[in-house]
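# Remarks on the overall topology
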Amino acid sequence: AALTAEHGQPVGLGGDLFVDGSLGSHTAALRTPYADAPGCRGQLHHDADDIRDLILTATATGAQAGFHAIGDAALDTVLAGLEAAAAAVGLPAVIAGRHRVEHAEMTHPEHIGRMARLGLVASVQPAFDARYGGPAGLYATRLGAARAAAMNPFAALARAGVTLAFSSDAPVTPLDPWGAVRAATCHHSPHARLSAHAAFTAATRGGHRAARADTGNAGLLTPGAPATFAVWAVTAELAPPAPDSRLAAWSTDPRPTRPVLPDLAGPDPVCLRTVLRGQVIHDRMGEQT
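An account of the accompanying structure is given in this report. Along each chain, numbering runs from 1 in the same order as the chain's sequence is written. Restriction of local features to residues with pLDDT of at least 70 applies here, the model being predicted, together with a cutoff of 80 or more for giving and counting side-chain atom pairs; totals for whole chains, interfaces and linings are based on all residues. Heavy atoms from the whole structure form the basis of all side-chain values; hydrogens and water molecules are not counted.

### Some thoughts on a nonpolar patch on the surface
- Two distance rules govern patches: like charges are joined within 9 Å, and nonpolar side chains (Val, Leu, Ile, Met, Phe, Trp, Tyr) within 5 Å, applied only to residues with over 30% relative accessible area and no salt bridge. Surface accessibility in these figures is a Shrake-Rupley result with a 1.4 Å probe; residues are shielded only by whichever protein chains are displayed. By convention in these notes, a salt bridge is any Lys or Arg side-chain nitrogen within 4 Å of a carboxyl oxygen on Asp or Glu. Residues Trp232, Val234, Leu238 and Val260 make up a contiguous nonpolar surface patch of roughly 340 Å² in combined accessible area.
- Helix and strand definitions follow DSSP, with helices as H or I runs of at least four residues and strands as E runs of at least two, each counted in order from the N terminus. Note that tryptophan 232 resides in strand S8 (residues 229-233).

In structure tokens, the structure reads:
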């Protein structure tokens, strides 16, 4: 289904091609076997030729492709297919598609530069680390401590210029956008943590970029822009962000200062009103006293 539309034309489509499965079921495709299932490396449902052919079709039709890839072998396959397509039609044509990788949990350093070069969007779920990370979590059980600690390298992806877009993968994890921002700033591996500003950007503007809906004034509150915004009730303290080098490199925010955000250790803000292109689609303003 269309995520958003401009003049009746869809600009982002949901869904993705399953290249592998999940870690919980031992079906995510791995380079080396599972720690708790030594004879198993998961399942690949598609090969690089399938990926290449899909990208070539998407390029010819102007469509955006998405790929479910959790394991490192699955991501190897996706990148090989995209690079083969780029060799056939040119790298600029592939970049223009702004194709998406869903999950990308076992992203290695050598993957990250290739993802940035191909203009891929990483649609990631910080709640996965909150639920499955840590020395006693599912990641460590399935993969061992070393591989688990390298999962979901959000900061490295942001530094390389890969667009991050947060999502929940509901109902696997709850629809909880503030929880996602908090989880990204409190990643079990400190080197993978994002700043609060970078995490908030991935949870907001990242979605516009992932849906290819960030042209013109989309996503900005400025005169002449579509009136799309949310009003939040904040009970936690507001504080300006401290200087932090962990900002998303792709951010083109022209403002000299960054907005204050609520203290993520405090209560979550409550959404009182949501307006989409001037139309109120959620309203709890009358409940406030």
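### Let's talk about the pattern of salt bridges
- The final tally for this structure, using the stated rule, is 10 salt bridges.
- A salt bridge links aspartate 49 to arginine 52, with the shortest nitrogen-to-oxygen separation between them at 3.4 Å. Placement of the pair is aspartate 49 and arginine 52 together in helix H1 (residues 48-61), with a separation of 3 residues, close to one helical turn.
- The rule is simple: take the accessible area with a 1.4 Å probe, protein chains only, and divide by the maximum for that residue type; under 20% is buried, over 50% is exposed, in between is partly exposed. On the basis of relative accessible area, aspartate 49 is assigned to the partly exposed category, the value being 42%.
- With a closest N to O distance of 2.5 Å, glutamate 102 and arginine 100 form a salt bridge. With respect to burial, glutamate 102 and arginine 100 carry one shared label: buried.
- Where salt bridges share partners, they join Asp16, Arg100 and Glu102 into one cluster.

### Remarks on the pairing of strand S7 (residues 163-166)
- With burial as the criterion, each face of S7 is covered, one bearing Thr163 and Ala165 and the other bearing Leu164 and Phe166.
- Judged from the 4 bridges that link them, strand S6 (residues 121-124) and S7 form a sheet pairing that is parallel. When the sheet's bridge partners are listed, serine 123 is paired in S7 with alanine 165. Strand pairing follows a simple DSSP-based rule, namely that at least 2 bridges must link the two strands.

### Comments concerning the environment of leucine 91
- Along the chain, leucine 91 turns up in helix H3 (residues 91-97).
- Of the residues examined, leucine 91 reaches a relative accessible area of 23% and is grouped as partly exposed.
- Between the C-alpha atom of leucine 91 and that of leucine 118, which follows or precedes it by 27 residues, the distance is 7.1 Å.
- We call two residues contacting when some pair of their heavy atoms lies within 4.5 Å. With near-sequence residues (within four places) excluded, leucine 91 lies in contact with Ala86, Arg117 and Leu118.

### Details of the packing of helix H2 (residues 72-89) against helix H4 (residues 109-117)
- Angles shown run from 0 to 180 degrees and are taken between the N-to-C directions of axes, each axis being a line fitted to C-alpha atoms and, for helices, limited to the stretch in contact. Interaxial distance between H2 and H4 falls to 11 Å at its minimum, and their mutual angle equals 30°. The way H2 lies across H4 gives a crossing that is left-handed. Along the contact surface, H2 presents Asp72, Leu75, Asp76, Leu79, Ala80 and Glu83, while H4 presents His111, Arg114 and Met115.
- Here the residues of the contact of H2 with H4 sort into 4 nonpolar, 1 polar and 4 charged. The handedness criterion is simple: a crossing whose near helix is rotated anticlockwise from the far helix by less than a right angle is left-handed, and one whose near helix is rotated clockwise is right-handed. Gly falls in the polar group here, along with every residue not listed as nonpolar (Ala, Val, Leu, Ile, Met, Phe, Trp, Tyr, Cys, Pro) or charged (Asp, Glu, Lys, Arg).

### Focus on the sheet that holds strand S12 (residues 279-283)
- Spatial strand order, S8-S11-S12: 3 strands in an open sheet with antiparallel pairing. Unpaired on one side and paired on the other, S8 and S12 mark the two borders of the sheet. Each neighbouring strand pair of the sheet contributes to a mean axis angle of 15°, computed without reference to strand direction.

### With respect to the side chain of histidine 187
- Relative to the helices and strands, histidine 187 resides in the loop between helix H9 (177-185) and helix H10 (196-203).
- Here a polar contact means two N or O atoms within 3.5 Å. Within protein one must be a hydrogen donor candidate and the other an acceptor candidate, and residues neighboring in sequence count only if both atoms are side-chain atoms. A polar atom in the side chain of histidine 187 sits 3.0 Å from the backbone oxygen of asparagine 152.
- If near-sequence neighbours (up to four positions away) are discounted, histidine 187 is found in contact with Asp129, Met151, Asn152, Phe154, Ala192 and Arg193.

### Observations concerning H9
- By the criterion of burial, H9 is predominantly enclosed, with 7 of the 9 residues buried.
- Buried within H9 are the following residues: Trp178, Gly179, Ala180, Val181, Ala183, Ala184 and Thr185.
- Of the surrounding elements, those touching the buried residues of H9 are helix H5 (126-132), helix H8 (154-159), S7, H10, S8 and strand S10 (261-262).

### Concerning unusual backbone geometry
- With an omega of 10°, the peptide bond between alanine 170 and proline 171 qualifies as cis.
- Looking at the secondary structure, you find proline 171 in the loop between S7 and H9.
- In the Ramachandran plot, histidine 103 falls in the positive-phi region, its phi being about 85° despite a non-glycine side chain.
- By secondary structure assignment, the location of histidine 103 is in strand S5 (residues 100-103).

### What to know about H2
- Taking 1.5 Å as the rise per residue, H2 with 18 residues should run 26 Å; its terminal C-alpha atoms sit 26 Å apart, in good agreement.
- When H2 is considered as a whole, its buried residues turn out to be Asp72, Ala73, Ala74, Leu75, Thr77, Val78, Leu79, Gly81, Leu82, Ala85 and Ala86.
- The secondary structure elements touched by the buried residues of H2 are H1, strand S4 (66-69), H3, S5 and H4.
- One or two steps after H2, the chain reaches glycine 90, where phi turns positive at roughly 100°. The span you would expect from a helix comes to 1.5 Å times its residue count less one.

### Remarks on the packing of aromatic side chains
- In this scheme Phe, Tyr and Trp rings, the latter by its six-membered ring, pair at centre separations within 6.5 Å, and the angle between planes marks the pair as stacked below 30 degrees, edge-to-face above 60, and tilted otherwise. This structure, assessed with the given rule, holds 5 aromatic pairs.
- Taking 5.5 Å as the distance between ring centres and 85° as the angle between the ring planes, the aromatic pair formed by tryptophan 178 and tryptophan 232 counts as edge-to-face. Of the two residues, tryptophan 178 is situated in helix H9 and tryptophan 232 in strand S8; the sequence distance between them amounts to 54 residues.
- Assessed through its relative accessible area of 9%, tryptophan 178 is described here as buried.
- By relative accessible area, tryptophan 232 is classed as partly exposed at 36%.
- Cluster of aromatic residues (ring-pair linked, three or more members): Phe128, Tyr132 and Tyr139.

Don't take any of this as a statement about function, it's just geometry.
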